[in-house]
Amino acid sequence: MTSSAAPSRKALSKIACNRLQKELVEWQVNPPAGFKHKVTDNLQRWVIEVNGAPGTLYANETYQLQVDFPEHYPMEAPQVIFLSPAPLHPHIYSNGHICLDILYDSWSPAMTVSSICISILSMLSSSTLKQRPADNDRYVKNCRNGRSPKETRWWFHDDKV
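Residues numbered from 1 in each chain as written. Predicted model: local features only at pLDDT ≥ 70, side-chain atom pairs only at ≥ 80, totals over all residues. Heavy atoms only, no water.

J.: Explanation requested: the UniProt feature "active site" (unreviewed entry) in the protein in the structure shown.
T.: Mapped onto this numbering, the UniProt entry annotates "active site" (unreviewed entry) at Cys-99. Looking at the secondary structure, you find Cys-99 in the loop between β4 (79–82) and α2 (113–125). (UniProt positions renumbered as here; feature names shortened; annotations may be inferred. Helix = DSSP H or I, 4+ residues; strand = E, 2+ residues; numbered from the N terminus.)

See the structure below:
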């Protein structure tokens, strides 16, 4: 996924900057297991390395998440996508979009980048199949021209994977 898929971004608010700086310090002191923040000078976009958990379908596999923070984070959820190649998973589209309720309808300002990462790793770890969502081709085709996953009307119906 290229930067053209990022939503048009306004500068972070002072509240968002303070919160992200606090989260970054916490991450450096106590990073979530299986994740590594790739350090850049851009506080508004984080790239995070994800290592599949041992004993799961994704063991010994490494992926990258791109987290784009909106102006009013944490009151508004960040956009989180997998960079190419995205893992094969029933809730992850080939364009990197992730169907996970906490990224959209169930977002809470109490959530952090660490809690998002843990939820994504849990979703990966609980999967028993490596496959794309049934509607992958149609969805990805409809997302051309850089549509954000936050513009999608997600239907959260499968909590087994």
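J.: It is not clear to me how helix α1 (residues 14–29) should be interpreted in this structure. Could you clarify?
T.: Every α-helical turn comprises 3.6 residues, leaving residues that sit three or four positions apart pointing alike. Look at α1: 23 Å from first C-alpha to last across 16 residues, which is about the 22 Å you get at 1.5 Å a residue. Buried residues in α1 make contact with β1 (35–38), β2 (45–51) and α2. (Expected span 1.5 Å × (residues − 1). Contact = heavy atoms within 4.5 Å.)

J.: Explain the environment of Phe-69 to me, please; I cannot follow it from the model alone.
T.: Residue position: Phe-69 is located in the loop between β3 (62–68) and β4. In this structure, the C-alpha to C-alpha distance between Phe-69 and Val-80, residues eleven residues apart in sequence, is 8.8 Å.

J.: Looking at this structure, I do not really get the packing of aromatic side chains. What am I missing?
T.: Both the distance between ring centres and the angle between the ring planes are used here to describe each pair of aromatic rings. If you walk through the whole model with that rule in mind, you get six aromatic pairs. With a centroid separation of 6.2 Å and 85° between ring planes, the pair formed by Tyr-63 and Phe-82 is classed as edge-to-face. With a gap of 19 residues between them, Tyr-63 in strand β3 and Phe-82 in strand β4 connect regions that are remote in the sequence. Look at Tyr-63 and you get buried, because its relative accessible area is 11%. Using a relative accessible area of 1% as the deciding quantity, one classes Phe-82 as buried. With centroids separated by 6.1 Å and ring planes inclined at 40°, the aromatic side chains of Tyr-73 and Trp-107 adopt a geometry described as tilted. Here Trp-107 lies in the loop between β4 and α2 and Tyr-73 lies in the loop between β3 and β4, a separation of 34 residues in the sequence. (Phe/Tyr/Trp six-rings, centres within 6.5 Å; stacked < 30°, edge-to-face > 60°. Buried < 20%, exposed > 50% of the residue type's maximum accessible area, 1.4 Å probe, protein only.)

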